[in-house]
Amino acid sequence: MIRVLFAAGPQNWAEYEAPLRAAFAEAGLDADLSPDHAPGQADYIVYAPKAGLEDFRPFTRCKAVLSLWAGVETIVGNQTLIQPLARMVDPGLTEGMVEWVAGHTLRHHLNIDHCLAHQSGAWVRHIPPLARDRHVGVLGLGALGTACARTLAMLNFRVTGWARGRKDIPGIECQSGRDGLDAVLRRSEILVLLLPLTPVTRNLIDERALSLLPRGAVILNPGRGALIDDDALLAALDSGHVGHATLDVFRTEPLPPEHPFWGHPRVTVTPHIAAETRPDSAARVIAENIRRGEAGLPFLHLVDRGAGY
Ligand code: NDP
């Protein structure tokens, strides 16, 4: 019997219990899933941040901690965690992110806001360029960035991506390194941030980075709030150098009511809804990792603690 401790909080338990039980049965796992296993008995931990578990030292039998979240910045530096940590790569979550990024890219590409603002009877024709003439930059070419970049390339956008390592993705010009970043920024009329938050990526989009963007560029940030220097972004928006920012993630969430992003004419706030882990597909990912652990196979989606993601 494999004991799986569900340590992702009562609200998630209500959503995940049935899908996890179904996924374990489908994977042929003889698993006892509970939010109440004693620490010394748990073989695996299903984890989410802010659910109360911060000290992993008593979990002496635990073979892996399996996160329901893709972003692991709040746990990756936890010194008590010595077990392998797997992050969530969920097909359902990826689909959601692709839809959010494609939708907001098309909003700005087609200038849909302009149409909405001019419904007074004046026949003013603004012809948008074709996607083939629009440069989109995607910072981060992991599970989410690659899926988004591929979809944008399928829509014919001229997509340039940036990652830590070298990438070869058909239809996408891939860059790495500081010079590569500058090259992506210089041409990105629409810039999508899908980087994890690490000591290296924190404040990556600062005054200098923003100054490299073409005038009027649009920023979409479904990555993490602290990738951007808020003050530098506000200054760039106020001057018109950045035309619009559509922001899903923030340094403080919920975004405080007094924050200048709210109500800013060039900012769209979405409340961290770009992509949610979907219980049915995510439960299968968790089950597959437990199956692999029991079979002595390497875990999927392991976090590199040194790199921070
Ligand atoms: P991955 O770990 O799969 O991909 C991260 C990408 O970022 C990789 O391409 C990696 O490069 C690149 N990267 C990391 N550090 C650097 C660096 N220093 N310089 C250049 N590139 C770097 O993550 P996902 O795609 O699954 O998720 C990305 C982020 O999206 C998450 O960390 C999370 O913050 C956010 N997210 C937001 C959600 C929302 O609802 N708003 C939902 C889910 C996730 P390489 O490939 O070379 O390793």
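Since we're looking at a predicted model, the values are computed, not measured.

J.: How would you summarise the overall build of the protein if you had to cite specific residues and measurements?
T.: Along the protein, the regular secondary structure elements total eight helices and 12 strands. For the protein, whose C-alpha radius of gyration is 21 Å, the value lies close to the compact-globule estimate of 19 Å for 309 residues. Seen through its principal axes, the protein has C-alpha atoms that stretch 70 × 45 × 40 Å. Across the 309 residues in the protein, those meeting the buried criterion constitute 52%. Of the contacts made within the protein by residues no fewer than 6 positions apart, 63% connect residues no fewer than 24 positions apart. A total accessible area of about 15,000 Å² is found for the protein, and carbon and sulfur atoms account for 53% of it. Computed over 30 positive and 34 negative side-chain charges, the separation of the two mean positions in the protein equals 6 Å.

J.: How would you summarise the sheet that holds strand β1 (residues 2–7) if you had to cite specific residues and measurements?
T.: Pairing within the open sheet is parallel, and its five strands lie in the order β2-β1-β3-β4-β5. Two strands in the sheet have a free side with no partner beyond their single neighbour: β2 (31–34) and β5 (85–86). When strand β4 (residues 64–67) meets β5, the two strands line up parallel, connected through two bridges. Each bridged residue has a counterpart across the sheet, and for Leu66 the counterpart in β5 is Ala86. Where helix α1 (residues 10–26) meets the sheet, its contacts fall on β1 and β2, and the angle it forms with β2 comes to roughly 175°.

J.: Can you tell me about the domain arrangement of the protein, naming the residues and giving the values?
T.: By a widely used convention, the size of an interface equals the accessible area lost when the partners come together. Taken domain by domain, the protein holds domain 1 (2–90 + 277–294) and domain 2 (93–269). Every contact between the two is made by eight residues of domain 1 and, on the other side, five residues of domain 2. Taken together, the two surfaces of domain 1 and domain 2 that pack against each other cover about 620 Å², and 51% of this comes from carbon and sulfur. Among the residues domain 1 hides against domain 2, the three largest losses belong to Ala70, Glu73 and Asp90. Together they make up 55% of the total. Taken together, domain 1 and domain 2 are joined by one salt bridge. When the shortest N-O distance is used, the salt bridge between Arg224 and Glu73 registers 2.7 Å.

J.: Run through the sheet that holds strand β10 (residues 217–221), naming residues and quoting values.
T.: Hydrogen bonds along the backbone pair up the strands of a sheet, which may run parallel or antiparallel. Read from one edge of the open sheet, seven strands run β8-β7-β6-β9-β10-β11-β12, paired in parallel fashion. At either end of the open sheet lies a strand with only one pairing partner, and these are β8 (173–176) and β12 (267–269). Across this sheet, the average inter-strand angle for adjacent strands is 15°, counted without regard to direction. Strand direction decides the pairing type here: strand β11 (residues 242–247) and β12, joined by three bridges, are parallel. Of the residues in β12, the one forming a bridge with Thr246 is Thr268. Contacts between helix α5 (residues 177–187) and the sheet are confined to β6 (135–139), β7 (158–163), β8 and β9 (190–193), with β7 contributing the most and set at about 150° to the helix.

J.: Before we move on, could you go through a nonpolar patch on the surface and cite the residues and values that matter?
T.: Taken together, the side chains of Leu110, Ile112 and Leu116 present a nonpolar region at the surface, about 270 Å² in accessible area. In this fold, Ile112 is placed in helix α3 (residues 112–117). A residue is classified by how much of its surface remains accessible, and Ile112, at 36% relative accessible area, is partly exposed.

J.: Tell me what's going on with the pattern of salt bridges, and back it up with residues and numbers.
T.: If you walk through the whole model with that rule in mind, you get 13 salt bridges. Its salt-bridge partner being Glu294, residue Lys63 comes within 2.8 Å of it at the nearest N-O pair. A residue pair is termed long-range when its members are at least 10 positions apart, and Lys63 in the loop between β3 (44–47) and β4 and Glu294 in helix α8 (residues 279–295) qualify at 231 residues. Residue classification places Lys63 among the partly exposed residues on the basis of a relative accessible area of 35%. When the shortest N-O distance is used, the salt bridge between Arg292 and Glu288 registers 3.7 Å. Taken together, the positions of Arg292 and Glu288, both in helix α8 and four residues apart, correspond to about one turn of that helix. According to the relative accessible area criterion, Arg292 is buried, its value standing at 17%. Counted as one network, the salt bridges with shared partners bring together Glu288, Arg291 and Arg292.

J.: Describe the packing of helix α2 (residues 91–109) against helix α4 (residues 143–154), and please don't skip the residues or the numbers.
T.: Across the interface, α2 lies against α4 with an axial gap of 9 Å and an inter-helix angle of 45°. By the criterion of interaxial angle, the relationship of α2 to α4 is oblique. Crossing geometry of α2 relative to α4 is assigned as right-handed. Taking contact as the criterion, the partners of Leu93, Thr94, Met97, Val98, Val101, Ala102 and Thr105 in α2 are, on α4, Ala143, Leu144, Ala147, Cys148, Thr151 and Leu152. Counted by class, the contact of α2 with α4 contains 10 nonpolar, three polar and no charged residues.

Rules used throughout
Residues numbered from 1 in each chain as written. Predicted model: local features only at pLDDT ≥ 70, side-chain atom pairs only at ≥ 80, totals over all residues. Heavy atoms only, no water. Helix = DSSP H or I, 4+ residues; strand = E, 2+ residues; numbered from the N terminus. Rg over C-alpha atoms; globule rule 2.2 N^0.38 Å. Buried < 20%, exposed > 50% of the residue type's maximum accessible area, 1.4 Å probe, protein only. Contact = heavy atoms within 4.5 Å. Areas by Shrake-Rupley, 256 points an atom, 1.4 Å probe, with all protein chains shown as cover. Lys, Arg positive; Asp, Glu negative; His and termini not counted. Charge placed at Lys NZ, Arg CZ, Asp CG, Glu CD. Pairing = 2+ DSSP bridges. Axes fitted to C-alpha atoms, helices over the stretch in contact; angles between N-to-C directions. Domains from an automatic or database assignment. Buried area = accessible area lost by both parts, 1.4 Å probe. Salt bridge = Lys/Arg side-chain N within 4 Å of Asp/Glu carboxyl O. Patch = residues over 30% accessible without salt bridge, like charges linked within 9 Å, V, L, I, M, F, W, Y side chains within 5 Å. Parallel < 35°, antiparallel > 145°, perpendicular 65-115°, else oblique. Left-handed = near helix turned anticlockwise from the far one by under 90°. Nonpolar A, V, L, I, M, F, W, Y, C, P; charged D, E, K, R; others polar.

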